[in-house]
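Now for the letters of each chain:
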Amino acid sequence: GNSVTQMEGPVTLSEEAFLTINCTYTATGYPSLFWYVQYPGEGLQLLLKATKADDKGSNKGFEATYRKETTSFHLEKGSVQVSDSAVYFCALIGNTGGFKTIFGAGTRLFVKA
Amino acid sequence: DTAVSQTPKYLVTQMGNDKSIKCEQNLGHDTMYWYKQDSKKFLKIMFSYNNKELIINETVPNRFSPKSPDKAHLNLHINSLELGDSAVYFCASSQDLGGPGANVLTFGAGSRLTVL
């Protein structure tokens, strides 16, 4: 079945550091890929998405590129801020096997001032 | 206006009790979901309804019964609560089931259930 694997956290960075959170997936066909972010005490919200190979999703300085050859969708940001502290979830929805969004385990990010 | 609202936000109850969580969305979406998030933040889908019709029913104990009176509402009733039911339950909605744009999820703020 479809699955998502993302790097374990927590990840602790200083403000203005470069961020990478790795995400790889297993899916048949051509899934759509997402990053969701969960701030403390809130529900998840969509950060960015990509729907086909080589697409780059971007939002709020975050980027991720859909790499079919490596089945990856790594999240990057050039300069993190304290306000980026949150839990980040990689997710996919396949075009086969039902209409379920499958989430990775989440990666907690702490950014220190 | 809150897009996906769920009540209550916190629920503390004894083992064996029955409780309900309500969810409403004002986005005009056709599809609604219940997700369970455990203490390690792992998210697992429980149910999905599309236009009041049950579409996804994961391996959830039958003590959990969803009910969708109309496409804007999806409630979750839990009978005979157990310690392991303690979690944060998230309601979500999406425009529709199919297509990459149609199934972006909008989440509620969550309902934290604590079973003592």
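Above this note sits the structure.
Residues numbered from 1 in each chain as written. Chains lettered and ligands numbered in written order. Predicted model: local features only at pLDDT ≥ 70, side-chain atom pairs only at ≥ 80, totals over all residues. Heavy atoms only, no water.

Asker: I'd like a description of the overall build of chain B, backed by residues and values.
Answerer: Along the backbone of chain B there are zero helices and 11 strands. The linear arrangement of helices and strands in chain B, starting from the amino end, is β-β-β-β-β-β-β-β-β-β-β. Computed over its C-alpha atoms, the radius of gyration of chain B comes to 13 Å, within 12% of the 13 Å expected for a compact globule of 116 residues. Principal-axis analysis of the C-alpha atoms gives chain B an extent of 40 × 30 × 30 Å. Sorting the 116 residues of chain B into buried and exposed places 46% on the buried side. Expressed as a percentage of contacts within chain B between residues at least 6 apart in sequence, the contacts between residues at least 24 apart total 55%. Put simply, chain B has 12 plus and 11 minus side-chain charges, and the middle of one group is 7 Å from the middle of the other. (Helix = DSSP H or I, 4+ residues; strand = E, 2+ residues; numbered from the N terminus. Rg over C-alpha atoms; globule rule 2.2 N^0.38 Å. Buried < 20%, exposed > 50% of the residue type's maximum accessible area, 1.4 Å probe, protein only. Contact = heavy atoms within 4.5 Å. Lys, Arg positive; Asp, Glu negative; His and termini not counted. Charge placed at Lys NZ, Arg CZ, Asp CG, Glu CD.)

Asker: Quick rundown of the pattern of salt bridges? Include the residues and the values.
Answerer: Under the counting rule described, the total for this entry stands at seven salt bridges over all chains. Between A:Lys77 and A:Asp84 there is a salt bridge; the shortest N-O distance is 2.8 Å. Residue B:Glu58 is joined to A:Lys100 by a salt bridge in which the shortest nitrogen-to-oxygen separation is 3.2 Å. Separated into two different chains, B:Glu58 in the loop between strand E6 (53-57) and strand E7 (64-70) and A:Lys100 in the loop between strand E10 (86-93) and strand E11 (101-103) make up a pair that spans both. Residues joined by salt bridges that share partners form a network here, namely B:Arg63, B:Glu82 and B:Asp85. (Salt bridge = Lys/Arg side-chain N within 4 Å of Asp/Glu carboxyl O.)

Asker: Can you break down the side chain of A:Gln38 residue by residue, with the values?
Answerer: Inspection of the secondary structure assignment puts A:Gln38 in strand E5 (residues 32-38). Looking at A:Gln38, its side chain comes within polar contact range of the main-chain oxygen of A:Glu42, at 3.0 Å. Looking at A:Gln38, its side chain comes within polar contact range of the side chain of B:Gln37, at 3.0 Å. Aside from chain neighbours lying at most four places away, what touches A:Gln38 is A:Gly43, A:Leu44, A:Ala86, A:Val87, A:Phe89, B:Gln37, B:Lys41 and B:Phe90. (Polar contact = N/O pair within 3.5 Å; in protein donor to acceptor, adjacent residues only side chain to side chain.)

Asker: Can you tell me about the sheet that holds strand E7 (residues 56-59) of chain A, naming the residues and giving the values?
Answerer: For sheets, the rule is that strands pair by backbone hydrogen bonds, running either parallel or antiparallel. All names here are of chain A. Taken together, the four strands give an open sheet; going across it, the order is E3-E9-E8-E7, and neighbouring strands pair in antiparallel fashion. Only two strands of the sheet have a single partner each, and these edge strands are strand E3 (19-21) and E7. For this sheet the average axis-to-axis angle between neighbouring strands, irrespective of direction, equals 15 degrees. Bridging between E7 and strand E8 (residues 62-65) involves four bridges; their strand directions are antiparallel. What sits directly across from Gly 57, in E8, is Ala 64. (Pairing = 2+ DSSP bridges. Axes fitted to C-alpha atoms, helices over the stretch in contact; angles between N-to-C directions.)

Asker: So what's going on with unusual backbone geometry? Which residues, and what values?
Answerer: Cis peptide bonds are those with omega within 30 degrees of zero, and the linkage from A:Gly9 to A:Pro10 qualifies with -5 degrees. Relative to the helices and strands, A:Pro10 resides in the loop between strand E1 (3-6) and strand E2 (11-14). Note the cis peptide between B:Thr7 and B:Pro8, where omega equals 0 degrees. Here B:Pro8 is to be found in the loop between strand E1 (4-7) and strand E2 (10-13). With phi around 75 degrees, A:Glu16 is a residue other than glycine that occupies positive phi space. When you line up the elements, A:Glu16 lands in the loop between E2 and E3.

By themselves, these figures tell us nothing about what the structure is for.
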